[in-house]
Amino acid sequence: MSAVLGLGLTIAALGAGPAIAAPEATAHVAYSAASTSHEDAAANKAFFEAVTKSVAEKRAANPGAQSITIVYSAANAPSFRTQIANSAAIWNSSVSTVRLQEGSNADFVYYEGNDYRGSYASTDGHGRGYIFLDYAQNRQYDSTRVTTHETGHVLGLPDHYSGPCSELMSGGGPGPSCTNPYPNANERNQVNYLWQYGFAAALTKAAS
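Residues numbered from 1 in each chain as written. Predicted model: local features only at pLDDT ≥ 70, side-chain atom pairs only at ≥ 80, totals over all residues. Heavy atoms only, no water.

J.: Help me get a handle on the packing of aromatic side chains, residues and values and all.
T.: Evaluated as defined, the whole model comprises 7 aromatic pairs. Here F80 and Y135 contribute two aromatic rings whose centre-to-centre distance is 6.1 Å and whose plane-to-plane angle is 15°, an arrangement assigned as stacked. Taken together, the residues F80 in the loop between β2 (68-76) and α2 (81-94) and Y135 in helix α3 (residues 135-140) connect sequence positions 55 residues apart. Measuring from centroid to centroid gives 6.4 Å for Y120 and Y130, while their planes differ by 65°, and the two rings are edge-to-face. (Phe/Tyr/Trp six-rings, centres within 6.5 Å; stacked < 30°, edge-to-face > 60°. Helix = DSSP H or I, 4+ residues; strand = E, 2+ residues; numbered from the N terminus.)

J.: Can you break down the side chain of N138 residue by residue, with the values?
T.: Locating N138 in the fold gives a position in helix α3. A residue is classified by how much of its surface remains accessible, and N138, at 0% relative accessible area, is buried. Separated by 2.7 Å, the side chain of N138 and the backbone oxygen of D134 make a polar contact. (Buried < 20%, exposed > 50% of the residue type's maximum accessible area, 1.4 Å probe, protein only. Polar contact = N/O pair within 3.5 Å; in protein donor to acceptor, adjacent residues only side chain to side chain.)

J.: Explain the pairing of strand β4 (residues 108-113) residue by residue, including any values.
T.: Counted residue by residue, β4 has 6 buried out of 6 residues, so it is predominantly covered. Residues F108, Y110 and E112 of β4 are buried on one face, and the alternating residues V109, Y111 and G113, pointing to the opposite face, are buried as well. As judged from the 3 bridges shared by β2 and β4, these two strands associate in the parallel manner. Residue N76 lies in a different strand from β4, and its bridge partner there is Y111. As paired elements, β4 and strand β6 (residues 129-134) share 6 bridges and run parallel to each other. Looking across to β6, one finds that G113 is bridged to D134. (Pairing = 2+ DSSP bridges.)

J.: Explain the confidence of the model for the chain residue by residue, including any values.
T.: Of the residues in the chain, 67% reach a pLDDT of 70 or more, and the chain-wide mean stands at 78. Low pLDDT (under 50) marks residues 1-19, which in the prediction has 68 contacts with non-local residues, meaning those over four places away or in another chain. (pLDDT = per-residue confidence, 0-100. Contact = heavy atoms within 4.5 Å.)

J.: A description of the environment of G113 should follow, citing residues and the corresponding values.
T.: Along the chain, the position of G113 falls in strand β4. Between the alpha carbons of G113 and F132 there is a distance of 7.5 Å; along the sequence they are 19 residues apart.

J.: Explain the packing of α2 against helix α4 (residues 143-154) residue by residue, including any values.
T.: For the pair α2 and α4, interaxial distance at closest approach is 9 Å and the crossing angle is 55°. Viewed along their axes, α2 and α4 adopt a mutual orientation that is oblique. The two elements α2 and α4 cross, and the hand of that crossing is right-handed. Residue-level contacts link Q83, I84, N86, S87, I90 and W91 of α2 to S143, T144, T147, T148, T151 and G152 of α4. (Axes fitted to C-alpha atoms, helices over the stretch in contact; angles between N-to-C directions. Parallel < 35°, antiparallel > 145°, perpendicular 65-115°, else oblique. Left-handed = near helix turned anticlockwise from the far one by under 90°.)

The following block contains the structure:
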């Protein structure tokens, strides 16, 4: 789920654009609990490793950088362009060691459409990551929270469905009435720490 800085798209507008089929998912982390915690952990790890592989060359080219830029494409999710931009703005204002930026040669891609599993972060099994935004789920839940939550997986955060609404990665756990799109202090600290200190270790493992 996701939201902030003004929801440019209304719920009624969601799903108005053409759906573009996402790649075949080999591992996915859903917005609502649909698998065991072991499966969630494995899928989150696979997705994060796909993204870190994609970003590795940038880190190697500029090892002294204070932050890493992750490039995304929203071209295949036109109905959610505003929510995606808001999600990036939320994360960019929340953490300092990594930044999200729309552009070409993307490290990960957003897709939209209908999927019985709802929205999820996934990998295609070829070292690439993507986020799928489901129309029905984004009508049921706050769409900016959904998008910001799924984007949190890009930054290495796992799901924690039993958490409170104030915890972004609790996802759909608190129910549709929860509209908080912001990571809490602990989640912000986790991302900052991971991308400052744990990134080298993650890259080493992803490259092996």
